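What the coordinates show
Now for the letters of each chain:
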Amino acid sequence: MQLTHKIALKPTKSQKEYFQKAAGTNRFVWNWALAKWKEQYSLGLKPKSMALKKSFNAIKYEEFPWLKEMHRDSHAQAFAYLAKAWGRFFSEIKKKKVAHEPRFKKKNRCRDSFYVANDKFYLNEKTIRLPKIGWVNMTEALRFEGKILGATVSRHADRWYIAIQVDVPNSKAKLKRTGHGKKGVDFGLKAAATLSTGESIPSPRPLKAALRRLKIRGRSLCRKINAAKEKMGLKKNEKIPKGTRLPQSNNQKKSSLKLAKSHARIVNLRADFSHKLTTRLCRENQAVAIEDLNVSGMLKNHKLARAISDVGFGSIRRQLEYKAIRYDTRLIIADRWYPSSKLCSSCDWKNESLTLKDRSWRCQSCKTFHDREINAAINLERLASDTALPVASYSVTSNTKKGVIPS
């Protein structure tokens, strides 16, 4: 089983400068390869990443002698990433999904990162030896035991991290559960997750809490960018001409870093909540049932898009899928059209007139009063049991149990 451990680094000033150069090298090679790819494609040719890599290796030290200062992986892995990006683009087109071509990367507008092969670095407890710069301190030691496949160094705000990929044997990757219950989980906005036991788990909503601070810091940075435009003779609302770069003052750099730190804090708070929630669900239960939410469709509702993004339904679903394998938990993903909220959990009567505004309702058949979220969670729990509802069967609702993980 392949697992990744992301560890924060504590580099020196000179090491940070090298990280920035390596990330810039990776970005430069990506843009070079993408330009060549598009040029060949426009001529009716079928470009290949390995052919582009060979042509680049033949000229790189002559046309770009500064590449000798960087380790090889920083300007070699971009070709493999580009091939994956184009492959994903064409596969989405075949599936008739909305697809976007790989785009050119621009400094300060993309994720700074670079790859390091498994034979180019060495670990010694809380230190790691990277090519060209030597030993770098880490905040913690690698927690997984197995064959190291590679690592990726990346930057978030002003902090650098290394994500180490390890091929861990299944016997060591599996984790023991503390409980053997069965739960249905209904995701929502009022409460991030409502369990079939009646427990409601609210979301921290980190974006909503920090929105005022983000606006203040965003306006501060915008004023400094407009001042730089005025120095170049541009108007405030005028677009920056392609190929030109605005002068960046020290105050603008500080303001940009403050804004980046605010965004990083929001991401960390949301990730902390989702990891704790998903770990608890998989650790305490042998079966968990959730709904297959159409998150991309839900985000089209502009009144609720910010609140939906603030919870992070997509990351919760993704974490549940791989943690269920580690804890040997059976994950049941109900069909998108399964009427979990409309079905009475007591007598199976279906309330066809239920709307999103109705947060509670009374069953006309057995007169049971239901809370919308709790009733949906109870119906999902019944999917996790051996006797599921007739409405959830294959013959009535297609693909209801298509997402069972593991089998």
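That block above? That's the structure.
Below, the structure is looked at part by part. (Residues numbered from 1 in each chain as written. Predicted model: local features only at pLDDT ≥ 70, side-chain atom pairs only at ≥ 80, totals over all residues. Heavy atoms only, no water.)

**So, the sheet that holds strand E8 (residues 181-187)**
Strands sit in the order E10-E9-E8-E11-E12 across an open sheet of five strands; the sheet is mixed. Strands with a single pairing partner mark the edges of an open sheet, and in this sheet they are strand E10 (200-201) and strand E12 (330-334). Relative to E8, helix H10 (residues 372-384) is tilted by about 135°, and along the sheet it contacts E8, strand E9 (193-195), strand E11 (285-291) and E12. (Pairing = 2+ DSSP bridges. Helix = DSSP H or I, 4+ residues; strand = E, 2+ residues; numbered from the N terminus. Contact = heavy atoms within 4.5 Å. Axes fitted to C-alpha atoms, helices over the stretch in contact; angles between N-to-C directions.)

**What to know about helix H2 (residues 49-63)**
An α-helix turns once every 3.6 residues. As a result, residues three or four positions apart point the same way. Taking 1.5 Å of rise per residue, the 15 residues of H2 would be expected to cover 21 Å, and the 20 Å separating its terminal C-alpha atoms lies within 8% of that figure. When the local axis directions of H2 are compared, the greatest deviation, roughly 35°, occurs at Asn57. Of the residues making up H2, those classed as buried are Ser49, Leu52, Lys53, Phe56 and Lys60. For H2, the secondary structure elements touched by its buried residues are helix H1 (13-42) and helix H3 (78-94). (Expected span 1.5 Å × (residues − 1). Bend = angle between axes of the 7 residues up to and from the residue. Buried < 20%, exposed > 50% of the residue type's maximum accessible area, 1.4 Å probe, protein only.)

**Side note on the nonpolar core**
Nonpolar side chains in soluble globular proteins tend to end up buried together. Within the largest apolar cluster, 24 residues are counted, with the highest numbers of intra-cluster contacts made by Leu9, Phe19, Ile128, Leu130 and Ile162. Only strand E1 (2-10), H1, strand E2 (113-117), strand E4 (127-130), strand E5 (134-138), strand E6 (147-156) and strand E7 (159-167) provide two or more residues apiece to this core. Setting aside its immediate chain neighbours within four residues, Ile128 contacts Leu9, Phe121, Tyr122, Leu123, Gly134, Trp135, Val136, Met138 and Ile162. Among the nonpolar cores identified, the runner-up in size contains 21 residues, and Val185, Phe273, Cys282 and Val288 belong to it. (Core = buried A, V, L, I, M, F, W, Y, C linked by side-chain atoms within 4.5 Å.)

**Comments concerning the pairing of E11**
A regular strand places its side chains so that they alternate between the two faces of the sheet. With six of seven residues buried, E11 is to be regarded as a mostly interior element. Pairing analysis gives five bridges linking E11 to E12, with the strands arranged parallel. Bridge pairing links Ile290 to Ile333 in E12.

**Brief notes about the pairing of E2**
With five of five residues buried, E2 lies mostly within the body of the structure. Side chains of E2 alternate between two faces, with Ser113, Tyr115 and Ala117 and Phe114 and Val116 buried alike. Where E2 meets E6, five bridges bridge the pair, whose relative direction is antiparallel. From the neighbouring strand, Val116 faces E6, where its bridge partner is Ala151.

**Digging into the side chain of His75**
Within the secondary structure, His75 is located in the loop between H2 and H3. Its relative accessible area of 1% is what places His75 among the buried residues.

**Digging into the environment of Lys16**
Tracing the sequence through the fold places Lys16 in helix H1. In sequence terms Lys16 and Arg159 are 143 residues apart; their C-alpha atoms lie 9.3 Å from each other.

**Some thoughts on the sheet that holds E4**
Strand order in the open sheet formed by seven strands is E2-E6-E7-E1-E5-E4-E3, and the pairing between neighbours is antiparallel. Bordering the open sheet on either side are E2 and strand E3 (122-124), each of which pairs with just one other strand. Neighbour to neighbour, the strand axes of the sheet diverge by 35° on average, direction disregarded. Across seven bridges, the pairing between E1 and E7 is antiparallel. Bridge pairing links Ile7 to Ile162 in E7.

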